[in-house]
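# A structural walkthrough
Spelled out from the first residue to the last, the chains are:
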Amino acid sequence: MTTTPDREALGTLLRHVLELLDGDVAAVYADLDLADYRPRYSPLLRVLVADGPLPIRDLAPRVGVTHSAASQTIAQMNRAGLVTLAPGVDARQRVVTLTARARALLPVVEAEWAATATAMRRLDAELPVPLADELYAVLAALRRRPLRDRIADTGLAPTVPPA
C-alpha cells in the first residue's frame, strides 16, 4: 500500500497525484482493450486531428510540453503505430502525421476524453478549488517569481563542499 507523501515533499506529492490520475485513465484504456495506448498520447493526437501534420517543434508548445517530452512521446506513438515521421523542410525537422490506426481509435479516444473531463468536473466539485484553477494559479505565481528566487530569499547561501 502506498502512503501519502509528506506535505513538504511537494514534488513527490504532485507526482503521486499525477500517477493516480494517469493510472486510472490508463486503466480505462485497458478496460477498452487499448492497453498499449497511453493517456499522454491524447493531447498530441487531438492537436494533430485539429491542425494536421506538424513538426515536433510546433506540436510541443501546442500541448504545453518541452520539445524533448513531445519527441519522446511521439517516438512511443510511432512504435505503437499511431503516427509516422517524415523529414521536414530541413534535416533537423521531423513532421508528425497520424496513421490510419490512430484515426480508427479517434471515436474511443474522444469518448474517453469527454468522460474524463466530466469525471474531473465532478472531482472538482469535491475540492475547495477546482484542480486546474489552482494549478494555473501556481503557474502564474511561478512565472512572476520562480521558486529558485523564493528559495534564495530564505537566506540559503550556496556553498561548495570541500573536496
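For the structure itself, consult the block above.
Report on the accompanying structure.

The rules we used
- Residues numbered from 1 in each chain as written.
- Predicted model: local features only at pLDDT ≥ 70, side-chain atom pairs only at ≥ 80, totals over all residues.
- Heavy atoms only, no water.
- Pairing = 2+ DSSP bridges.
- Helix = DSSP H or I, 4+ residues; strand = E, 2+ residues; numbered from the N terminus.
- Buried < 20%, exposed > 50% of the residue type's maximum accessible area, 1.4 Å probe, protein only.
- Axes fitted to C-alpha atoms, helices over the stretch in contact; angles between N-to-C directions.
- Left-handed = near helix turned anticlockwise from the far one by under 90°.
- Contact = heavy atoms within 4.5 Å.
- Nonpolar A, V, L, I, M, F, W, Y, C, P; charged D, E, K, R; others polar.
- Parallel < 35°, antiparallel > 145°, perpendicular 65-115°, else oblique.
- Phe/Tyr/Trp six-rings, centres within 6.5 Å; stacked < 30°, edge-to-face > 60°.

Across 5 bridges, the pairing between strand β2 (residues 83–87) and strand β3 (residues 94–98) is antiparallel. Bridge pairing links Ala86 to Val95 in β3. Adjacent in sequence and paired antiparallel, β2 and β3 are bridged by 6 residues.

Another aspect to go through is unusual backbone geometry. Positive phi values are uncommon outside glycine, yet Asp33 reaches one of about 60 degrees. Tracing the chain through its elements places Asp33 in the loop between α1 (10–31) and α2 (41–51). Asp33 gets classed as exposed once you look at its relative accessible area, which sits at 70%.

Once that is clear, we can look at the packing of α2 against helix α5 (residues 100–126). It is the contact of α2 with α5, at a shortest axis distance of 11 Å, that shows an interaxial angle of 120 degrees. Considering the relative orientation of α2 and α5, their crossing is left-handed. Here Ser42, Pro43, Leu45, Arg46 and Val49 of α2 lie close against α5, whose contacting residues are Ala102, Leu106, Val109, Glu110, Glu112 and Trp113. Of the residues belonging to the contact of α2 with α5, the class tally is 7 nonpolar, 1 polar and 3 charged.

This brings us to the environment of Asp6. With respect to the helices and strands, Asp6 occurs in the segment before α1. C-alpha of Asp6 to C-alpha of Leu85: the two residues are 79 residues apart in sequence and 42 Å apart in space.

Following both chains from N to C, one finds helix α3 (residues 56–63) and helix α4 (residues 67–79) inclined at 105 degrees, their axes separated by 8 Å at the closest point. Here α3 is positioned roughly perpendicular relative to α4, judged by the angle of their axes. When α3 is examined against α4, the residues Ile56, Arg57, Leu59 and Ala60 are found in contact with a partner set consisting of His67, Ala70, Ser71 and Ile74. Looking at the contact of α3 with α4 residue by residue, the class counts come to 5 nonpolar, 2 polar and 1 charged.

The tally for this structure, following the rule as stated, stands at 2 aromatic pairs. Taking 4.6 Å as the distance between ring centres and 50 degrees as the angle between the ring planes, the aromatic pair formed by Tyr29 and Tyr37 counts as tilted. Look at Tyr37 and you get buried, because its relative accessible area is 2%. Aromatic side chains Tyr37 and Tyr41 sit 5.3 Å apart centroid to centroid with 80 degrees between the ring planes, which places their arrangement in the edge-to-face category. The pair Tyr37 / Tyr41 is uniform in exposure class, with both members buried.

Function cannot be read off these values alone, since they describe shape.
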